[in-house]
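So you can see what is in the structure, the chains are spelled out below.
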Amino acid sequence: MDPYEYFRQEILSLVKEAVSSIYGKHKLAWTLEKPLEEFGDFAFPCFQLAPVAKKSPSLIASEMAEFIEQNKGEWIEKVEEKGGYVNFFINKRKLAELTLKNVFEGREEKKRERVILEHTSANPNGPLHVGRARNPIIGDTLARIFRWGGYDVETQFYVDDMGKQVAILLWGLKNIDMEVEEKKEDHRLVAFYQKAYEMMERDEKVKEEIGQIIKKCEEGDEKTLNEMKEAYEKALEGIVESLERINIKIDSFVEESRFVIDGSVQYVIEELKKSEFVGYEGNALYLDMEHFGIHGRNKKFFLTREDGTSLYATRDIAYHLWKGKRADLLINVLGEDHKLEAKLVEVALKILGAKIPVAVFYSFVSLPEGKMSTRRGRVVYLDDLIDEAVERAYDEVRKRRELDDAKARFIAEKVGTGAIRYNIIKVNPEKAITFRWEEALNFEGESAPFIQYAHARCCSIMKKAGYTETKPGEIDCSNYTHPQEINLIKIIASFPGVIKRCQNEFNPAYLAEYAHKLASSFNAFYRDCQVVGSEKERERLAIVHATRQTLKNALTLLGIEALEEM
């Protein structure tokens, strides 16, 4: 269990006992605040008691502090009153003992809940571009965090195998004769897509032919669906290859067409027809969204076209019904441009009495040169970004150390791809990002290389000392008295709480922030506390070991290699 959770529970128990004993039973907000470090580890505000106790918050805090000091348990070291707050200081020896035990013995037991986390789901008509690189990185990091918490997680890529983008690609491959030289097949295919898209915009006949492909797919025409699959498969393979290079593996690929073929989409249409909120425009079926607070031009959520064929969102509803039967929790990582559609699907699922997914929305990534367009070729691909990051990292590695080329290339690959992941994940998902090289590859700043270097330094210290693993109970934790020792132990101890917060808020940015804080705290400890050759070598090596393991855990959850040398 999180050491701070033991501490918090003890505080709340004593606070409730103190209030009841001194002032009688009252309904209060039993919440704790995090004060400035010099004022303690947790604080209970007494201002809400002032009206009922008819005393100043300062006097109430003083009376409560006195009561708690006399009745405190094993986790509270001391209690102080300050400005209307009761401030609590954690028992540092107890904290160090449990923290080291947690690190050395492993994590929580497996839970029973099953999670399906959908991410990426890009149109398989060409390579991933930088603008949407955030989706797989957020999705994969969340999946790792939930797995660490004991959840049974399956990641899914929803393949739009019967949509307009793949239909344009198929038409281009069948009708355009041109030679395209590219290092990867997905880069070659996107050239056909882009050319076909330009032709479609100029030529009504081309547009009509592409429309016929889509119509046949929606009718479940097996020949056309097989042709579509042949067209997009190589593009999808290219996307998977790009993702694997940044340490992302997707568990399942679910094709949209399966829900048309197996009758799931028709089931959705028939069930929603029974709703009081449906209407018709000609023969096209829609849900009236005004009942759900959506007005204006989006108030009609169309489920079918005039000819009765389904729309993408209708098939998405069928997909969510299918997922909902297979998991306890559904998580979708979506671009901010999907907010309206996600809301419409959510309303339909509520009408059907189905499980509602948690949507994690993100803003797009841009480069300093400006935003990117997908359709007309003005785009920077994820592959380009990875290649550039690795080359820049290689130059930086060669500047810092004399290494053989194979080792330098290996380190550069892990530093470069780690830099991309960290620079994207450290920003809250809904905040826009401009990707800057000077930030991503800064060995001294808030970056992956900075954290990786701290881990490598831990490995170097342990190797130099000939360290053999310490078992819990072998260290006298009362010897930890230096401020930097205590600060570092407190940060290591907070790791389970950070993971829990990432899960509760579906936000992996907190983990990135934590990893940087831990690396910075370790650097301060190393600067101020001699390890090898000191009187406290054994105790301090145990802290280095705990830091190394926690940094490795954090980097692994961020999808970044924990390098042993740099």
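Caption draft 1: Expanded view of a negative patch on the surface. Judged by side-chain charge, D177, E179, E181, E182 and D384 come together as a negatively charged surface patch. For D384, a relative accessible area of 33% corresponds to the partly exposed category.

Caption draft 2: The packing of aromatic side chains, seen in detail. Counted according to the given criterion, the structure contains 21 aromatic pairs. On the numbers, 5.8 Å between centres and 20 degrees between planes, the contact of F146 with F506 is stacked. Here the residue F146 occupies a position in helix α5 (residues 134-148), and F506 occupies one in the loop between α19 (495-505) and α20 (509-528), the gap between them amounting to 360 residues. Classification of F146 as buried rests on a relative accessible area of 3%.

Caption draft 3: Main features of empty space enclosed by the protein. Under the definition given, this model contains one cavity of 30 Å³ or more. Empty space within the largest cavity amounts to approximately 40 Å³. Taken together, K92, L95, A96, Y480, I486, I489 and K490 make up the lining of the largest cavity. Among the elements of the structure, α4 (92-105) and α18 (483-493) are those that each provide at least two residues to the lining of the largest cavity. Here the residues of the lining of the largest cavity are counted per class, giving five nonpolar, no polar and two charged.

Caption draft 4: Unusual backbone geometry, seen in detail. If you check the backbone angles, N247 has positive phi at about 70 degrees while not being a glycine. On the secondary structure map, N247 appears in the loop between α9 (222-245) and β6 (252-255). Classification of N247 as partly exposed rests on a relative accessible area of 38%. For F506, which is not a glycine, the phi torsion comes out positive at approximately 50 degrees. Exposure remark for F506: the relative accessible area of 18% places this residue in the buried category.

Caption draft 5: Quick look at the sheet that holds strand β3 (residues 85-90). As summarised here, the arrangement of the three strands in space is β1-β3-β2, forming an open sheet in which the pairing is antiparallel. Strands with a single pairing partner mark the edges of an open sheet, and in this sheet they are β1 (42-45) and β2 (76-82). Taken pair by pair, the neighbouring strands of this sheet meet at an average axis angle of 20 degrees, ignoring direction. Relative to β3, β1 runs antiparallel, the two being bridged by four bridges. By the bridge assignment for β3, F44 is matched with V86.

Caption draft 6: Examining helix α15 (residues 405-425) more closely. Taking 1.5 Å per residue, 21 residues should reach 30 Å; α15 reaches 30 Å between its end C-alpha atoms and fits that length. Between the side-chain oxygen at the start of α15 and the backbone nitrogen of A406 there is a gap of 3.2 Å, and the oxygen is on D404.

Caption draft 7: Inspection of the environment of E237 at higher detail. Turning to its location among the elements, E237 is positioned in helix α9. Separated by 233 residues in the primary sequence, E237 and T470 have C-alpha atoms spaced 45 Å apart.

Caption draft 8: Expanded view of the packing of α19 against α20. Closest axis-to-axis distance for the α19/α20 pair is 8 Å, and the angle between their directions is 160 degrees. Accordingly, the angle class assigned to the pair α19 and α20 is roughly antiparallel. At the point where α19 passes α20, the crossing takes the right-handed sense. In this structure, α19 contributes F495, V498, I499, R501, C502 and E505 to the contact, and α20 contributes Y510, L511 and Y514.

Caption draft 9: Fine view of the environment of L100. Within the secondary structure, L100 is located in helix α4. When its relative accessible area of 6% is taken as the criterion, L100 is described as buried. Sequence separation between L100 and Q194 is 94 residues; the distance between their C-alpha atoms is 57 Å. Look past the residues within four positions of L100 in its chain and what remains in contact with it is C477, Y480, A542 and A546.

Caption draft 10: Structural context of the pairing of β3. Counted residue by residue, β3 has five buried out of six residues, so it is predominantly covered. Judged from the six bridges that link them, β2 and β3 form a sheet pairing that is antiparallel. Bridge pairing in β3 places E81 opposite V86.

Caption draft 11: Representation of the layout of surface pockets. Computed from the structure, the second largest pocket encloses a volume of approximately 970 Å³. Every residue lining the second largest pocket is counted, 27 residues in all, and those nearest its centre are Y4, K34, S494, V498 and K517. Where the lining of the second largest pocket is concerned, the elements lending two or more residues are α1 (3-23), α18, α19 and α20. It is α19 that provides the largest number of residues to the lining of the second largest pocket, a total of six residues. Across the lining of the second largest pocket, the residue classes break down as nine nonpolar, five polar and 13 charged.

Caption draft 12: Structural view of the sheet that holds strand β8 (residues 284-288). The antiparallel open sheet is built from three strands, whose spatial order is β7-β8-β9. Only two strands of the sheet have a single neighbouring strand rather than two, namely β7 (278-281) and β9 (300-302). Averaged over all adjacent pairs, the angle separating strand axes in this sheet is 40 degrees, with direction ignored.

The rules behind each value
Residues numbered from 1 in each chain as written. Predicted model: local features only at pLDDT ≥ 70, side-chain atom pairs only at ≥ 80, totals over all residues. Heavy atoms only, no water. Patch = residues over 30% accessible without salt bridge, like charges linked within 9 Å, V, L, I, M, F, W, Y side chains within 5 Å. Areas by Shrake-Rupley, 256 points an atom, 1.4 Å probe, with all protein chains shown as cover. Salt bridge = Lys/Arg side-chain N within 4 Å of Asp/Glu carboxyl O. Lys, Arg positive; Asp, Glu negative; His and termini not counted. Charge placed at Lys NZ, Arg CZ, Asp CG, Glu CD. Buried < 20%, exposed > 50% of the residue type's maximum accessible area, 1.4 Å probe, protein only. Phe/Tyr/Trp six-rings, centres within 6.5 Å; stacked < 30°, edge-to-face > 60°. Helix = DSSP H or I, 4+ residues; strand = E, 2+ residues; numbered from the N terminus. 1 Å grid on protein atoms, 1.4 Å probe; cavity = no way out; pocket = protein on both sides within 12 Å on 5 of 7 lines; lining within 4 Å. Points joined across faces, edges and corners; volume = space filled by probe spheres on them. Nonpolar A, V, L, I, M, F, W, Y, C, P; charged D, E, K, R; others polar. Pairing = 2+ DSSP bridges. Axes fitted to C-alpha atoms, helices over the stretch in contact; angles between N-to-C directions. Expected span 1.5 Å × (residues − 1). Polar contact = N/O pair within 3.5 Å; in protein donor to acceptor, adjacent residues only side chain to side chain. Parallel < 35°, antiparallel > 145°, perpendicular 65-115°, else oblique. Left-handed = near helix turned anticlockwise from the far one by under 90°. Contact = heavy atoms within 4.5 Å.

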